Amino acid sequence: FLMGSAWTWISAPADATTRGRIPSPREGFAAPAFTLESLQGAQVSLQDLRGKVVVVNLWASWCPPCRAEMPAMERVYQAYLDQGLEIVAINTTFQDNEPAARSFVQEYSLSFPVLLDQSGETSRQYQLRAMPSTFFVDREGVIQRVIIGGPMSEATLETAVQALLREAP
């Protein structure tokens, strides 16, 4: 009984003890902070996007599921941009390359920020295990949903975005 009680206390949900303040790439925890350079040379920080619903997507140009889901991501971005949605697509440049990422963005006419993870540090922070990996972050910077692998359907993406946008700022 004592061991069971101890295990229950130790494995309590993050919200019950941390209120999402400890960064971790899991639901209920603060999204790990990053500042990365975009393809246009601008510095983009997750902290600067606080107050918006943010979809963080880690991808590579050679990844077939990444290619399959990007058109849906662009459509959802265009549909909800004015309601406070931001999508940041983080290219895993440390295992891809910048020219391939640029070509990919041009091929798919992507208008959301595409960031370059040159060192792999952000991918390590998000414990990248499969591509694509997508993290839905609420306006307070807390991860509310994680989807590992893909391709993610447009309906799944849109449903998750709508739910977060409905939450009060």
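Residues numbered from 1 in each chain as written. Predicted model: local features only at pLDDT ≥ 70, side-chain atom pairs only at ≥ 80, totals over all residues. Heavy atoms only, no water.

Caption draft 1: Quick look at the pairing of strand β6 (residues 133-137). Counting buried positions over the 5 residues of β6 gives 5, a clear majority of the element. Here β6 shows a buried face lined by Ser133, Phe135 and Val137 and a second buried face lined by Thr134 and Phe136. In the sheet, strand β3 (residues 53-59) pairs with β6 via 5 bridges, with the strands oriented antiparallel. Within β6, the residue paired with valine 55 across the bridge is phenylalanine 136. As judged from the 5 bridges shared by β6 and strand β7 (residues 143-148), these two strands associate in the antiparallel manner. Bridge assignment links phenylalanine 136 to a residue of β7, and that residue is arginine 145. (Buried < 20%, exposed > 50% of the residue type's maximum accessible area, 1.4 Å probe, protein only. Helix = DSSP H or I, 4+ residues; strand = E, 2+ residues; numbered from the N terminus. Pairing = 2+ DSSP bridges.)

Caption draft 2: A look at the pairing of β3. Taking burial as the measure, the 7 residues of β3 include 7 buried ones, the bulk of the element. Burial along β3 is two-sided: Val53, Val55, Asn57 and Trp59 facing one way and Val54, Val56 and Leu58 facing the other are all buried. For the crossover that starts at β3, traverses helix α3 (residues 64-80) and ends in the parallel strand β4 (residues 85-91), the hand is right-handed. (Right-handed = clockwise from strand over helix to strand, strands pointing away.)

Caption draft 3: Summary view of the side chain of threonine 122. Examined against the element boundaries, threonine 122 turns out to sit in helix α5 (residues 121-125). Residue class for threonine 122 comes out buried when judged on its relative accessible area of 3%. Residues contacting threonine 122, with those up to four places away along its chain left out, are Phe34, Leu36, Ile90 and Asp117. (Contact = heavy atoms within 4.5 Å.)

Caption draft 4: Expanded view of the nonpolar core. Counting 31 residues, the largest nonpolar core has Phe112, Phe136 and Val161 as the members making the most contacts within it. A per-element tally of this core places α3 first, with 6 residues. Listed in part, the 16 residues of the second largest apolar core include Phe34, Leu36, Leu49 and Val56. (Core = buried A, V, L, I, M, F, W, Y, C linked by side-chain atoms within 4.5 Å.)

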